[in-house]
Amino acid sequence: MKIYTDLLADTLNLHVSGQVGEWPANQPDHAPANPESDKWWNMKGWIANEVWINGMDRSTDPSRYRFKNASARELQLSKERFGTGTWLIRMKIKAIQGKDGRYNADFPEGEDFYSMKVY
């Protein structure tokens, strides 16, 4: 998810998958480079439930984590960190399990941001 508010110096990328973390959206070099990176778990003023690990797939080389599907995903954002006023948000949700396989969804579509008034 990308978010920008008046309290932020720049747009942030909030990443939620098997691991959780944040970095400036316009500085992808600040993103964790691999699963072992110490840059994960650096959330300030927000929290989310990560995707649950469900064992290992050892049929691949190297072995890969298997993940368990969840019925819901939740992010909580603190007004203390992000402020009140207008929040601009864009979400990219990957690997949604549907009847016809997996798909991705962008909200809103394209490169636009959803504008949300927060009191």
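Let us look at the structure shown here. (Residues numbered from 1 in each chain as written. Predicted model: local features only at pLDDT ≥ 70, side-chain atom pairs only at ≥ 80, totals over all residues. Heavy atoms only, no water.)

## What to know about the nonpolar core
Phase 1 of the analysis: One finds M1, I3, L8, L12, L14, V20, W46, A48, F82, W87, I89 and V118 forming the largest nonpolar core, which totals 12 residues.
Phase 2 of the analysis: Every element with two or more residues in this core is listed here: strand 2 (12-16), strand 4 (46-48) and strand 8 (85-98).
Phase 3 of the analysis: Here L14 is in contact with M1, I3, G21, E22, W46, L77 and F82, once residues within four sequence places are set aside. (Core = buried A, V, L, I, M, F, W, Y, C linked by side-chain atoms within 4.5 Å. Buried < 20%, exposed > 50% of the residue type's maximum accessible area, 1.4 Å probe, protein only. Helix = DSSP H or I, 4+ residues; strand = E, 2+ residues; numbered from the N terminus. Contact = heavy atoms within 4.5 Å.)

## Things to note about the pattern of salt bridges
Phase 1 of the analysis: In this structure the tally under the stated criterion is 3 salt bridges.
Phase 2 of the analysis: Across the salt bridge formed by E111 and R90, the nearest N and O atoms sit 3.2 Å from each other. Note that E111 is positioned in the loop between strand 9 (101-107) and strand 10 (114-118) and R90 in strand 8, a separation of 21 residues in sequence.
Phase 3 of the analysis: Classification of R90 as buried rests on a relative accessible area of 13%.
Phase 4 of the analysis: D106 serves as the salt-bridge partner of K92, at 3.0 Å between the closest nitrogen and oxygen. You can see K92 sitting in strand 8 and its partner D106 sitting in strand 9, a full 14 residues away along the chain.
Phase 5 of the analysis: Residue class for D106 comes out partly exposed when judged on its relative accessible area of 35%. (Salt bridge = Lys/Arg side-chain N within 4 Å of Asp/Glu carboxyl O.)

Any link to function would need more than the numbers given here.
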